[in-house]
Amino acid sequence: QVQLVESGGGLVQAGGSLRLSCAASGTIFRINAMGWYRQAPGKQRELVATITSGGSTIYADSVKGRFTISRDNAKNTVYLQMNSLKPEDTIVYFCNAVIITDRYSTPSNYWGRGTQVTVSS
């Protein structure tokens, strides 16, 4: 089985920074991509940033210039450096990974349990 464990969430003042981490563990043949999503109550989960195994990145317009996604492929870990945080960034952030568990399987989506980020004014 595959598990994603997030860490790094917490409380920070507006303008401050946080760094989220997500480590994938279990039976992993290849991770095609990892990323971060966030979801407000009653709304659909939205993409924050993703990064492929080759390093290609996608950012939501609302976080461009403030957030940076990176990864350590050797550790199966993705990071989200969040700078210039705003109260609007207050939400639960979920880690996502597209993983092939063995060479005969097709890619599947895996999700972490989420980590809360709270930005005070």
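Residues numbered from 1 in each chain as written. Predicted model: local features only at pLDDT ≥ 70, side-chain atom pairs only at ≥ 80, totals over all residues. Heavy atoms only, no water.

Draft legend 1. Inspection of the overall build of the protein at higher detail. Along its length, the protein carries zero helices and eleven strands. Tracing the protein from N to C terminus, the helices and strands come up as β-β-β-β-β-β-β-β-β-β-β. In terms of overall dimensions, the protein is globule-like: its C-alpha atoms have a radius of gyration of 14 Å, near the 14 Å expected for 121 residues. With respect to the principal axes defined by its C-alpha atoms, the protein has extents near 50 × 30 × 20 Å. Split into buried and exposed, the 121 residues of the protein put 37% on the buried side. Carbon and sulfur atoms make up 46% of the accessible area of the protein, which totals about 6700 Å². (Helix = DSSP H or I, 4+ residues; strand = E, 2+ residues; numbered from the N terminus. Rg over C-alpha atoms; globule rule 2.2 N^0.38 Å. Buried < 20%, exposed > 50% of the residue type's maximum accessible area, 1.4 Å probe, protein only. Areas by Shrake-Rupley, 256 points an atom, 1.4 Å probe, with all protein chains shown as cover.)

Draft legend 2. Structural view of the pattern of salt bridges. Evaluated as defined, the whole model comprises four salt bridges. Ionic pairing is found between Asp-89 and Arg-38, a salt bridge with its closest N-O pair at 3.2 Å. In this pair, Asp-89 sits in the loop between strand S8 (77-82) and strand S9 (91-100) while Arg-38 sits in strand S4 (residues 30-39), placing the two residues 51 residues apart along the sequence. Under the relative-accessibility criterion, Asp-89 is labelled buried at 2%. Here Arg-66 makes a salt bridge to Asp-89, at a shortest N to O gap of 2.8 Å. You can see Arg-66 sitting in the loop between strand S6 (57-59) and strand S7 (67-72) and its partner Asp-89 sitting in the loop between S8 and S9, a full 23 residues away along the chain. Accessibility classification places Arg-66 together with Asp-89 in one group, the buried group. Several salt bridges share partner residues, and in doing so they unite Arg-38, Glu-46, Arg-66 and Asp-89 into one network. (Salt bridge = Lys/Arg side-chain N within 4 Å of Asp/Glu carboxyl O.)

Draft legend 3. Expanded view of unusual backbone geometry. Despite not being glycine, Asn-76 shows a phi value in the positive range, around 50 degrees. Within the secondary structure, Asn-76 is located in the loop between S7 and S8. Look at Ser-84: it is not a glycine, yet its phi comes out positive at around 50 degrees. Here Ser-84 lies in the loop between S8 and S9.

Draft legend 4. Broad picture of the state of the cysteines. The final tally for this structure, using the stated rule, is one disulfide. Shown here is the disulfide that connects Cys-22 with Cys-95, its sulfur atoms set 2.0 Å apart. Taking the torsion about the sulfur-sulfur bond, which here is approximately -85 degrees, the covalent link between Cys-22 and Cys-95 counts as left-handed. Highlighted residues: Cys-22 in strand S3 (residues 18-26) and Cys-95 in strand S9, separated in sequence by 73 residues. (Disulfide = S-S within 2.5 Å.)

Draft legend 5. Expanded view of the sheet that holds S8. Strand order across the open sheet formed by four strands is S1-S3-S8-S7, with antiparallel pairing between neighbours. Whereas interior strands pair on both sides, the edge strands pair on one side only; in this sheet they are strand S1 (2-7) and S7. On average, each strand axis in the sheet is inclined to that of its neighbour by 15 degrees, with strand direction left out of account. Here S3 runs beside S8; their pairing, made up of six bridges, is antiparallel. Bridge pairing in S8 places Arg-19 opposite Gln-81. (Pairing = 2+ DSSP bridges. Axes fitted to C-alpha atoms, helices over the stretch in contact; angles between N-to-C directions.)

Don't take any of this as a statement about function, it's just geometry.
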